[in-house]
Amino acid sequence: MTAGALDIKRILLRHPGVARLGVIVFLFIAWEIAARWFVDPMFLSPPSRVVASLHRVWQTPGVPAALHITLWELGIAFALSVIIGLVVGLAVGLQPFARRSTLPIILLLYGTPQITILPLFILYFGIGPASKIAFGVSHGIFPIIVTIVAGVQNLKPILLVSARSMGASRWHVLRYVVFPHMIPSFFAGMRLAMTGVLLGVLLAELYVSTAGIGHFTTLFTQAFDPTKLLGLVAILAAMAIVLNEVVRRAEVKFSRWHTN
Amino acid sequence: MAGRSGGRGWSLGSRAVQAAFLIMLVVLWYLATTRWRVNPLLLPNPVAVLRELGDILRSGEFVDDLRITLTELAIAFALATAGGIVTGYVISRAAYLIRVFEPLFAGIYSIPIILFLPLYVLFFGLGPASKIALGATIGFFPIVLNTIAGFGYVERMLIVAARSMGASDYQLFRYVLLPAALPVILTGLRMGFTIVLLSIIGSETIASLAGLGHRIVHLAEGMDMARMFAYIAFVVVIAVVLNMIVSTLEARGKRQ
């Protein structure tokens, strides 16, 4: 008996991950108990029922299409953020004068809460996917610009000088000196941009939506159907985690050459 | 910074570019609404916006919304701070707890918590309670993570040295742990404040009955564009000022 308890203790001490899993399981059990016996079923439903009815969410007409649309919005917004951010970041970062004059403006814009102008995005881009993409880009583009400017700035002048003195053309300098040097900060920027794009697109979706997931979160909330709402939110959270994880893995993989 | 490479001429030139950029923006805005006849429903005249802004400030009709938003902000930030610092401190006392809980909090922090807004509205209704609860939840994570980082990774040498010189628990906390952890915690508090502010205005925009975010949406739905632009400018200025105050406090706290 005590030997068994000691074993468990040793396993837990050696693998904090197991204990972490235990904490998560404990939270789910607490939620299950609270939802089953203590909370009005109009507001909360137990996780077992949410999981069991995930397929019901999936079968709600329009939900798979809405998830599809949201995923597309996220993808396009992220791609646009990276492309525009890369171009602007290089244009601003490579020229000291351009950096001094425009970086404060960019930082000021980065610092303002864009959420206040969300109604303007809807006004200009309509209530369809275009406004979600535009709002996502407005959140995703700034981290890319700022990290690229920082990455280019950290470039040692001696590298540029020696490349030039060995006869490198402008393109060669970009291709073989600037780009490789920029990669770690570029991927760090991409990770931040993914967080921003997720925030922007989901905010715009929740604000107003005709066919996207925002439409269904509103629908389920108004119908007091917590089972479906929790299911949909769980699917979206899983989506966000996967996207974040993909970008984070890419960051770890591609910034390795630099550290050693 | 200006003196390091380039000197005074550089910084003067870049200031000129910044000023020219802003002036050009306003001039283009003015021309677009007067000369090129852009639909005033899409872009109101800057003079009209300025007049509306003056009217809003003079009539004081913003006071109610501002009070609601600031109250929500204060309560949510207080809850996030209290919860984050207490939880973070308790966890940071044992290396094992840090290894169990830090990845858990960091994982949740990477999910866009705004997703749960519909749940919060379902639980807490459309009033201030749902904004406070959401803001407190979102603000909790950067604060708890930075508190763990601050208290948890104090150099062991310092603690051992203080102990061997006979420091009591209180002395250890007051003269070793706190000074070492404070800068990191203050950074966490600043990050927490920024995103609490964001999420409160955001949730007011999405679903609410009052507050500055709600006022903007209300005007947008009424197609009262000039007044809406004026309110947007008002809210942006308030947000920037609040963030500046917090950054200044952070810098001052770190210096001590």
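Each value, and the rule that gives it
- Residues numbered from 1 in each chain as written.
- Chains lettered and ligands numbered in written order.
- Predicted model: local features only at pLDDT ≥ 70, side-chain atom pairs only at ≥ 80, totals over all residues.
- Helix = DSSP H or I, 4+ residues; strand = E, 2+ residues; numbered from the N terminus.
- Rg over C-alpha atoms; globule rule 2.2 N^0.38 Å.
- Buried ≥ 20, exposed ≤ 12 C-beta atoms within 10 Å, placed from the backbone.
- Contact = placed C-beta atoms within 7 Å.
- pLDDT = per-residue confidence, 0-100.
- Domains from an automatic or database assignment.
- Nonpolar A, V, L, I, M, F, W, Y, C, P; charged D, E, K, R; others polar.
- Core = buried A, V, L, I, M, F, W, Y, C linked by C-beta atoms within 7 Å.
- Axes fitted to C-alpha atoms, helices over the stretch in contact; angles between N-to-C directions.
- Parallel < 35°, antiparallel > 145°, perpendicular 65-115°, else oblique.
- Left-handed = near helix turned anticlockwise from the far one by under 90°.
- Expected span 1.5 Å × (residues − 1).

(A) Here's a closer look at the overall build of chain B. The number of helices and strands found in chain B is ten helices and zero strands. In chain B, the succession of α and β elements from N to C terminus is α-α-α-α-α-α-α-α-α-α. Since a compact globule built from 256 residues should have a radius of gyration of about 18 Å, the 24 Å found for chain B marks it as more spread out than a globular shape. The dimensions of chain B, computed from C-alpha atoms along their principal axes, are 80 × 60 × 30 Å. A total of 256 residues make up chain B; the buried ones form 38% of that total.

(B) Spatial organisation of the overall build of chain A. Helix and strand content of chain A: 13 helices and zero strands. If you list the helices and strands of chain A from N to C, you get α-α-α-α-α-α-α-α-α-α-α-α-α. For chain A, whose C-alpha radius of gyration is 24 Å, the value lies well above the compact-globule estimate of 18 Å for 260 residues. Along the first, second and third principal axes, the C-alpha atoms of chain A reach 75 × 65 × 30 Å. For chain A, with 260 residues in total, the buried portion stands at 38%. Partitioning the intrachain contacts of chain A with sequence separation of at least 6 by distance along the chain shows that 77% fall at a separation of at least 24.

(C) Spatial organisation of the confidence of the model for chain B. All names here are of chain B. Across chain B, the average pLDDT comes to 84, with 96% of residues at or above 70. Within chain B, the element-level pLDDT minimum falls on helix H1 (residues 8–34), averaging 78, and the maximum on helix H3 (residues 62–92), averaging 92. Contacts from residues 1–7, a stretch scored under 50 in pLDDT, to residues over four places away or in other chains number three contacts. Reported confidence for the predicted complex is 0.78 by ipTM and 0.82 by pTM.

(D) Quick look at the domain arrangement of chain B. Looking at chain B, the domain boundaries give domain 1 (1–38) and domain 2 (58–255). Taken over C-alpha atoms, the centre of domain 1 of chain B sits 34 Å from the centre of domain 2 of chain B.

(E) Looking closely at the interface of chain B and chain A. Tallying the contact residues gives 41 residues for chain B and 37 residues for chain A. Of all the secondary structure elements, the ones that give two or more residues to the side of chain B that touches chain A are H1, helix H4 (95–109), helix H5 (117–124), helix H8 (169–206), helix H9 (212–221) and helix H10 (225–255) of chain B. Classifying every residue of the side of chain B that touches chain A gives 32 nonpolar, eight polar and one charged.

(F) Spatial organisation of the domain arrangement of chain A. When cut into domains, chain A gives domain 1 (2–38) and domain 2 (54–259). On a C-alpha basis, the centroid separation for the pair domain 1 of chain A and domain 2 of chain A is 36 Å.

(G) The arrangement of the nonpolar core in detail. Membership of the largest hydrophobic core comes to 115 residues, with the highest contact counts inside it found for Leu118(A), Leu203(A), Leu117(B), Val196(B) and Ile216(B). For this core, the element with the highest residue contribution is helix H10 (residues 170–207) of chain A, accounting for 17 residues. Among all residues touching Ile216(B), those that are not within four sequence positions of it are Thr116(A), Pro119(A), Thr205(B), Met228(B), Tyr231(B), Ile232(B) and Val235(B).

(H) Examining the packing of helix H5 (residues 63–94) of chain A against helix H6 (residues 96–111) of chain A more closely. Residue and element names in this part refer to chain A. Contact pair H5 / H6: the axes reach a minimum separation of 6 Å and the direction vectors enclose 125 degrees. The angle between the axes of H5 and H6 places the two elements in the oblique class. Each of Ala91, Val92 and Gly93 in H5 lies in contact with H6, whose residues at this interface are Ala98, Arg99, Thr102 and Leu103. Here the contact of H5 with H6 is composed, by residue class, of four nonpolar, two polar and one charged.

(I) Main features of the packing of H3(B) against helix H6 (residues 128–152) of chain B. Residue and element names in this part refer to chain B. In contact at an axis separation of 6 Å, H3 and H6 are set at 35 degrees when each is read in the N-to-C sense. The chirality of how H3 crosses H6 is right-handed. Taken together, the residues that form the contact of H3 with H6 break down as 17 nonpolar, ten polar and two charged.

(J) Representation of the environment of Glu73(A). Residue and element names in this part refer to chain A. Position of Glu73 among the secondary structure elements: in helix H5. With 59 residues separating them in the primary sequence, Glu73 and Lys132 have C-alpha atoms 6.7 Å apart. In this structure Glu73 touches Pro129, Lys132, Ile133, Gly136 and Val201, once residues within four positions along its chain are discounted.

(K) Inspection of the environment of Lys9(A) at higher detail. Residue and element names in this part refer to chain A. By the element assignment, Lys9 lies in helix H1 (residues 2–14). In this structure Lys9 comes out as exposed when scored by C-beta crowding, with 10 C-beta atoms within 10 Å. Considering only alpha carbons, one finds Lys9 and Ala19, ten residues apart in sequence, at a separation of 10.0 Å.

(L) The arrangement of H10(B) in detail. When the terminal C-alpha atoms of H10(B) are compared, their 45 Å separation across 31 residues agrees well with the 45 Å that a helix rising 1.5 Å per residue should span. What H10(B) keeps buried is the set Met225(B), Ala226(B), Arg227(B), Met228(B), Phe229(B), Ala230(B), Tyr231(B), Ile232(B), Phe234(B), Val235(B) and Ala239(B). Along its buried surface, H10(B) packs onto helix H7 (118–125) of chain A together with helix H2 (46–59), H3, H8 and H9 of chain B.

(M) Quick look at unusual backbone geometry. Residues and elements named next belong to chain B. The phi dihedral of Met223 falls on the positive side, at around 60 degrees, and the residue is not glycine. For Met223, the location among the structural elements is in the loop between H9 and H10. For Met223, a count of 10 C-beta atoms within 10 Å puts it in the exposed group.

(N) Inspection of the environment of Gly4(A) at higher detail. Structurally, Gly4(A) can be placed in helix H1. For the pair formed by Gly4(A) and Ile158(A), sequence separation is 154 residues and the distance between their alpha carbons is 63 Å.

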